[in-house]
Amino acid sequence: MMKNSISASKASLVFFLYQMISALDVPLDSKLLEELSQPPTITQQSPKDYIVDPRENIVIQCEAKGKPPPSFSWTRNGTHFDIDKDEQVTMKPNSGTLVINIMNGGKAEAYEGVYQCTARNERGAAISNNIVIRPSRSPLWTKEKLEPNQVREGDSLVLHCRPPVGLPPPIIFWMDNAFQRLPQSERVSQGLNGDLYFSNVQPEDTREDYICYARFNHTQTIQQKQPISVKVFSTKPVTERPPILLTPTGTTSNKVELRGNVLLLECIAAGLPTPVIRWIKEGGELPANRTFFENFKKTLKIIDVSEADSGNYKCIARNILGSTHHVISVTVKAAPYWITAPRNLVLSPGEDGTLICRANGNPKPSISWLANGVPIAIAPEDPSRKVDGDTIIFSAVQERSSAVYQCNASNEYGYLLANAFVNVLAEPPRILTPANKLYQVILDSPALIDCAYFGSPKPEIEWFKGVKGSILRGNEYVFHDNGTLEIPVAQKDSTGTYTCVARNELGKIQNEVQLEVKDPTMIIKQPEYKVIQRYGHVSFECIIKHDSTLIPTVIWLKDNDELPDDERFLVGKDNLTIMNVTDKDDGTYTCIVNTTLDSVSASAVLTVVAAPPTPAIIYARPNPPFDLELTGQLERSIELSWIPGDENNSPITSFVIEYEDGLHEPGVWHYQTEVPGSQTTVQLKLSPYVNYSFRVIAVNEIGRSQPSEPSEQYLTKSANPDENPSNVQGIGSEPDNLVITWESLKGFQSNGPGLQYKVSWRQKDVDDEWTSVVVANVSKYIVSGTPTFVPYEIKVQALNDLGYAPEPSEVIGHSGEDLPMVAPGNVQVHVINSTLAKVHWDPVPLKSVRGHLQGYKVYYWKVQSLSRRSKRHIEKKILTFRGNKTFGMLPGLEPYSSYKLNVRVVNGKGEGPASPDRVFKTPEGVPSSPSFLKITNPTLDSLTLEWGSPTHPNGVLISYILKFQPINNTHELGPLVEIRIPANESSLILKNLNYSTRYKFYFNAQTSVGSGSQITEEAVTIMDEVQPLYPRIRNVTTAAAETYANISWEYEGPDHANFYVEYGVAGSKEDWKKEIVNGSRSFFVLKGLTPGTAYKVRVGAEGLSGFRSSEDVFETGPAMASRQVDIATQGWFIGLMCAVALLILILLIVCFIRRNKGGKYPVKEKEDAHADPEIQPMKEDDGTFGEYSDAEDHKPLKKGSRTPSDRTVKKEDSDDSLVDYGEGVNGQFNEDGSFIGQYSGKKEKEPAEGNESSEAPSPVNAMNSFV
């Protein structure tokens, strides 16, 4: 028994040593724990108010731990309780738990009183709470004579219960002689005091068996009152009445409730019709998420009340005849609750420390201290101890200062008692990591080498590599507070022996460990996508490469799950083969390679397609099963059988059984199980409190059948819940709370009526008692008044009217986070180059983070440029480094600039304070290109160059570099000349150049670091002193149709230029398409364009140094919608076309005669003068007309006339523009670019210049008259 006690003591010691507030940490090492002394700590005790069953033995718990194991003693009603003198009282071995034997003659009433346990060893004494022992009482109902109640229909009625006063108070409910609960409604309901209230009685309320029952849970007894008789007599007519309150009486009342309890307020009203109750809070809102309405809104329930819930609550009862109200003034008081409970303190000799005990309550609680269970005022003096209100300050402690201190916070509503020990240890260093331990890591991954240690005072840790190596330092290593050495990126040369040395003033010790760096595992040939016909074979490859000392294992998955248990799947060393592939094999196949150190994977998709059909057999889904039968009904199982339907040429592979819960989810079917197709009977497991119906679905390779008809229903009996809520979590939303959440059980999981949840919590490693509440219809509970970010043990247990679910497992949660308190220190900046810097900082103590450490944020900003000395708008940049990283790189800095930065720690709540701003400067860099380069004033032998300084000098400019060389007509480059120009110059005249020569110039700036990027330009010296005529193309305009566009331009320069047109889709990066223009005309037609598309276009001239016009953008017209009716097949259209053809023939004859008689006209003359080979009569390739009518008023296009790119016509440009010859854009040009307008029926703009007809009867005109 002693051995078990020592083991329990070792395990418990860890929890308390972790809570110390000094620098000492005690590792989880059993050998070390056996040797360390520890004052006593109470680990388990009975509740303060302990109500016991008078028929059973009384067990008063008191368990404690310590080294050496503590001894126990008890007081009763403030005096020593000598258990040896009472033969009915025994103490459990190695424990302080008392057992009072009631079942062998003892009486529980004789042991009522206040008990307190003391656990003591050589290092101090811990005490328990005052445990008040009271036996449960369930007295009988007092006899009384009950007169029958005769009530007029419509009147109100109150049936009083008046149960006997028990301990604890009984649970009240009303039933009839058949033990059936009496139905309740808005009209009839039970009050909080147990009375049954009728707002108005009805004839159906007449009965003689209104019975009030009182259930005493502790003794598991139920007592009943004598039946009450009610007889309702009718009077016609029934008089309606406005509401009056049955309870509470009067217009106002007062209510006091304690913080954290459940506030219950009740209003029950009489009236006819039955009044409706509504609740409001005067001057405020009812608290969201904590407010519930019960008993048909007659009871207002607010859970977890706080001081903020104090105020006036008004209930309003209303029916059609009026309303009444009552105001309840609620005052919330508070028993003491912890703000900061004292925590165990582990110190080294000579160290300082504090115990803090802070509590709150209403009224404010008083704080008193005890040492080893004795009031501190009369306890032995300790010169290292000083009491300051709620704080004990320790200075220069010695081993004799070890003791257990108790803090008592009390007010009129209760008290809190907490034990906290001060343990002074003096221990030489010990290294707990096993000697020559082997660590293995993968290349380029982090390596963590442990050196678990303990000592008091805290030892200093140093690391060496090799037997005689030097101490490890530098950025390539990270040294953790727990002694661990981290190599962030392990390389092959990291392999070797590492020595850890721990020393303090009491000694020194060292330990050697080994590190091996292994090659990573790789998949050098991955599985590939496959398409296979049904019933074929397919194979996936997975060839790997791995470290020769590691043994890999290869696992294949299908759709992230195990491969089917099917002999068709053959797993080889480097492949997976599937034989006789079916549709079910379609999916994603993954090859996973695992070693003891790493894991890699690769996936491929298999698509199964149908094999060539065989029409002889028609496959179909099976018909649904039928004739379902239930047999062998038990509480938790039943047998279901059925007859299969027709399988339709495809064997049934399985049957799927589904169930419906008619009690909780009627109409919703759930999957129950699946059985092979050869089976027609199945034993089904059932859950309690479910109204089952079953149906069966047959499955073959084609698909699933329709569901069968449902079976008969089967209702299972209620039982305790089998399971507890899942996904239990504890996460604080505020610094002083803990929000406990869980996933509620579904209806069928409740196993019975009255589903509730018992929520329990206690602070981890503090040995507090479990605190519990029982809630219903919620999945969240908020614990207030918690310390900031401390771990809690949490469990949530389901219960219903029949009892509890099994004991739930515990989860660890944390109370709410708060903003970090401390800024990172020792911020250092190392400038690597002109655009990159590295920042280092010391990590903040984890206790100051007050939450989950998420990382660090570095804020940095440019203060000014050192070359300009001009400040600008400060734009702060932020870099986030995750985890406990203590360095980071700052990229993208501007050269030759002054920067500032600071560092902040980040947790889940937000950012902590910033470190002091750190200033650093970047060195010079190369400059950007000069802002511009202009070349002006060309002469026979000189050019003038002007430039602007670089936009970003990135340092101090020392000079400009100009390079230039001539270019001949074939674009060949001549010799390169270089000139260095002082940095303060902004222009230069180049002399002694060759006349009429093109030069190319390269220009860049320099700093002391080097040359920046260059800017280029070209210019030409003139041929003679006469002002040259520079060739140029300007005013490029477009007129676009659906699939073509006419391009026109103006040209100034030497005659006989050879033009070309380049075009492409606007915004596209494709190369320009080029079309050569024949002759010297200044327009061209682009064909084959896409309707509704934006194009870019430019015009160039060959042989003139390759100059081009600026770009123009145009958009083709939208595609014409196709006609719904093909008129070409209509008889009337065919006749009309015949008439048109005859008319055209006549017109052609007339034109031919007039042509032979008439002369040439302006357009014709211009074409003859230019001799353009493209404009000839009736070209075979484009079908354009080469002859024109005599109409003098239709003039040819003037040179220089144009249509702007926005397709509008400006009158001052030309009165004879192309727009004047057509009906908008699409009417200006034919598809081949000929001028339709010159032959259309357009009205004259100006008087005719001759006596000829103003309109030629051309075939085109004739056609236009029909369009």
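Every chain's residues receive numbers from 1 upward, in the order its sequence appears when written. The model is predicted, so local features are restricted to residues of pLDDT at least 70 and side-chain atom pairs to those at 80 or more, both for listing and for counting; the totals for chains, interfaces and linings are taken over all residues. Values shown for side chains rest on all heavy atoms present in the structure; no hydrogens or waters enter the calculation.

**Description of the sheet that holds strand 90 (residues 1083-1086)**
So, point 1. Pairing in this open sheet of three strands is antiparallel, and the strands run 86-87-90 from one edge to the other. One side of each edge strand has no neighbouring strand; the edge strands of this open sheet are strand 86 (1032-1040) and strand 90. Ignoring which end each strand starts from, the neighbouring axes of this sheet average 20° apart.
So, point 2. Two elements, strand 87 (residues 1045-1052) and strand 90, share four bridges in a ladder whose sense is antiparallel. Within strand 90, the residue paired with serine 1048 across the bridge is phenylalanine 1083. In this analysis, strands are considered paired if DSSP registers two or more bridges between them. In this text, helices come from DSSP runs of H or I with a minimum length of four residues, and strands from runs of E with a minimum of two, each type numbered from the N-terminal end. The axes are straight lines fitted to the C-alpha atoms, using for helices just the contacting stretch, and the angles between their N-to-C directions are given from 0 to 180°.

**A word on the nonpolar core**
So, point 1. Throughout this description, the term nonpolar core refers to a set of buried Ala, Val, Leu, Ile, Met, Phe, Trp, Tyr and Cys residues connected via side-chain atoms within 4.5 Å. Each residue's exposure class comes from its accessible area (1.4 Å probe, protein chains only) as a fraction of the maximum for that residue type: buried when under 20%, exposed when over 50%, partly exposed otherwise. One finds Ile58, Ile60, Trp74, Ile100, Tyr115 and Ile133 to be the most contacted residues of the largest nonpolar core, which totals 30 residues.
So, point 2. Of all the secondary structure elements, the ones that give two or more residues to this core are strand 2 (49-52), strand 3 (58-60), strand 4 (62-67), strand 5 (71-76), strand 8 (98-100), strand 9 (113-121) and strand 11 (131-135).
So, point 3. Take this core: its biggest share by element is three residues, from strand 9.
So, point 4. When checking whether two residues touch, look at their non-hydrogen atoms; a contact exists if any pair is within 4.5 Å. Apart from the residues within four sequence positions on either side, isoleucine 60 is in contact with Ser46, Tyr50, Trp74, Gly96, Thr97, Leu98, Ile100, Tyr115, Ile131 and Ile133.
So, point 5. Formed by 23 residues, the second largest nonpolar core is a distinct cluster that contains Ala341, Leu345, Ile392 and Ala403.

**Side note on the environment of asparagine 720**
So, point 1. By the element assignment, asparagine 720 lies in the loop between strand 63 (714-715) and strand 64 (726-731).
So, point 2. In contact with asparagine 720, other than residues within four places in its own chain, are Asn751, Asn800, Leu802, Gly803 and Tyr804.

**Some points on the side chain of serine 750**
So, point 1. With respect to the secondary-structure elements, serine 750 resides in the loop between strand 65 (737-743) and strand 66 (756-763).
So, point 2. For serine 750, a relative accessible area of 5% gives the class buried.
So, point 3. Among all residues touching serine 750, those that are not within four sequence positions of it are His664, Tyr689, Ala719, Pro721, Leu755 and Asn800.

**A word on the pairing of strand 76 (residues 887-890)**
So, point 1. Here strand 76 shows one buried face, formed by Gly888 and Leu890, and one open face, formed by Phe887 and Met889.
So, point 2. Of the strand pairs in this sheet, strand 73 (residues 836-842) and strand 76 are connected by four bridges, and their pairing is antiparallel. When the bridges of strand 76 are listed, lysine 838 appears paired with methionine 889.

**Looking at the side chain of asparagine 129**
So, point 1. As for its placement among the helices and strands, asparagine 129 is situated in the loop between strand 10 (124-127) and strand 11.
So, point 2. Counting of polar contacts relies on pairs of N or O atoms within 3.5 Å, with two restrictions inside protein: one atom must be capable of donating a hydrogen and the other of accepting it, and residues adjacent in sequence are counted only when both atoms are side-chain atoms. Separated by 3.5 Å, the side chains of asparagine 129 and glutamate 769 make a polar contact.
So, point 3. If near-sequence neighbours (up to four positions away) are discounted, asparagine 129 is found in contact with Gln45, Lys48, Tyr115, Gln116, Tyr415, Leu417 and Glu769.

**Some remarks on the packing of aromatic side chains**
So, point 1. When the centres of two rings from Phe, Tyr and Trp lie within 6.5 Å, Trp using its six-membered ring, the rings pair. Their planes under 30 degrees apart give stacked, over 60 give edge-to-face, and anything left gives tilted. Under the defined criterion, the tally for this structure stands at 23 aromatic pairs.
So, point 2. Pairwise contacts between aromatic rings join Phe173, Phe179 and Tyr213 into one cluster.
So, point 3. Definition used: whenever NZ (Lys) or CZ (Arg) falls within 6 Å of the ring centre and also within 35 degrees of the ring normal, the charge is taken to sit over that ring. When the ring centre of tyrosine 415 is taken as origin, the NZ or CZ atom of lysine 48, which lies over that ring, is 4.1 Å away.

**Observations regarding the sheet that holds strand 52 (residues 561-562)**
So, point 1. The strand order 48-56-55-51-52 describes an open sheet built from five strands, whose pairing is mixed. A single partner strand is all that each edge strand has here, and the edge strands are strand 48 (530-533) and strand 52.
So, point 2. Taken together, the four bridges between strand 48 and strand 56 (residues 599-609) define a ladder with parallel strand orientation. By the bridge assignment for strand 56, glutamine 533 is matched with valine 609.

**A look at the environment of isoleucine 328**
So, point 1. Mapped onto the elements, isoleucine 328 comes out in strand 28 (residues 322-340).
So, point 2. Each C-alpha atom of the pair isoleucine 328 and glutamate 266 lies 9.4 Å from the other, and the pair is 62 residues apart in sequence.
So, point 3. In this view, isoleucine 328 contacts Ser253, Lys255, Leu265, Glu266, Trp279, Gly311, Asn312 and Tyr313; residues no more than four positions away in its chain are not counted.

**Quick look at unusual backbone geometry**
So, point 1. Omega for the bond connecting asparagine 362 with proline 363 falls within 30 degrees of zero, at 5°, which places this linkage in the cis form.
So, point 2. With respect to the element layout, proline 363 can be found in the loop between strand 31 (358-362) and strand 32 (366-371).
So, point 3. Notably, aspartate 304 is not glycine yet its phi reads approximately 50°, a positive angle.
So, point 4. Within the element layout of this structure, aspartate 304 appears in the loop between strand 26 (299-302) and strand 27 (311-319).
So, point 5. Located in the positive-phi region is asparagine 436, a residue other than glycine, with phi close to 55°.

**Quick look at the state of the cysteines**
So, point 1. When two cysteine sulfur atoms lie within 2.5 Å, the pair is treated as a disulfide. Per the counting criterion, the structure on display carries six disulfides.
So, point 2. The side chain of cysteine 62 participates in a disulfide bridge whose partner is cysteine 117; the two sulfur atoms lie 2.0 Å from each other. With the S-S bond torsion at -70°, the cross-link from cysteine 62 to cysteine 117 turns out left-handed. You can see cysteine 62 sitting in strand 4 and its partner cysteine 117 sitting in strand 9, a full 55 residues away along the chain. Both residues of the pair, cysteine 62 and cysteine 117, belong to the buried class.
So, point 3. A disulfide bridge connects cysteine 267 with cysteine 315, and the sulfur atoms are separated by 1.8 Å. With the S-S dihedral at roughly -70°, the linkage between cysteine 267 and cysteine 315 falls on the left-handed side. Of this pair, cysteine 267 sits in the loop between strand 22 (263-266) and strand 23 (268-272) while cysteine 315 is found in strand 27, placing the two residues 48 residues apart along the sequence.
So, point 4. When its relative accessible area of 0% is taken as the criterion, cysteine 267 is described as buried.
So, point 5. The buried category is assigned to cysteine 315, whose relative accessible area is 0%.

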